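Residue-level structure breakdown
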Amino acid sequence: MVDNIFTRVQSLASRQIGKLGQLINFKRAVAGTIDPVTGLGTAGTAITFAGTGLIFDYEKKLIDGVQIQTQDKRLLLEPDLIGGNEPMIDDVVTTIGGDFTVISVSPLAPDGMVIKYDVQLRS
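First, a word on what this report is: a plain description of the structure on this page. (Residues numbered from 1 in each chain as written. Predicted model: local features only at pLDDT ≥ 70, side-chain atom pairs only at ≥ 80, totals over all residues. Heavy atoms only, no water.)

1. What to know about the sheet that holds strand β4 (residues 92-95)
The strand order around the closed barrel built from six strands is β1-β2-β3-β6-β5-β4, with neighbouring strands paired in antiparallel fashion. Here the strands of the sheet are splayed against their neighbours by 45° on average, with no regard to which way each runs. Relative to strand β6 (residues 116-122), strand β3 (residues 73-77) runs antiparallel, the two being bridged by five bridges. Residue pairing across strands places K73 opposite L121, the latter belonging to β6. (Pairing = 2+ DSSP bridges. Helix = DSSP H or I, 4+ residues; strand = E, 2+ residues; numbered from the N terminus. Axes fitted to C-alpha atoms, helices over the stretch in contact; angles between N-to-C directions.)

2. Concerning the pattern of salt bridges
Throughout the structure, instances matching the rule amount to five salt bridges. Across the pair E59 and K61 runs a salt bridge, and its minimum N-O distance is 3.7 Å. The exposed category is assigned to K61, whose relative accessible area is 70%. (Salt bridge = Lys/Arg side-chain N within 4 Å of Asp/Glu carboxyl O. Buried < 20%, exposed > 50% of the residue type's maximum accessible area, 1.4 Å probe, protein only.)

3. Things to note about the pairing of strand β5 (residues 98-108)
Relative to β5, β4 runs antiparallel, the two sharing four bridges. Opposite V92, over in β5, you have T101 as the bridge partner. As consecutive antiparallel partners, β4 and β5 are separated by two residues. As paired elements, β5 and β6 share seven bridges and run antiparallel to each other.

Shown next, in the form of structure tokens:
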């Protein structure tokens, strides 16, 4: 019964974000490796994935200049991301408004099922 409720809530949240949101592209740098025997390294790579989200300015009362700065944005992101990845700190996000770095990620996941991600972005 509870799983059914959360499944419906997740579906509703995804539909609303999908209907009102914009395409959000993510890029994550993956460090290369170093062979301990030869000392030679391999070049790093990048993982890219995408999803749909809504971007907002933070309310003025939440901006403290430390945790949340004036230029920070709040991203409400659908849980079903293309590529199957989850957002992580230091990912680079490209939107209509420019490029941002992920500062924090808070999944809303009652009962373990992610309904949405609340992501803090900084330019």
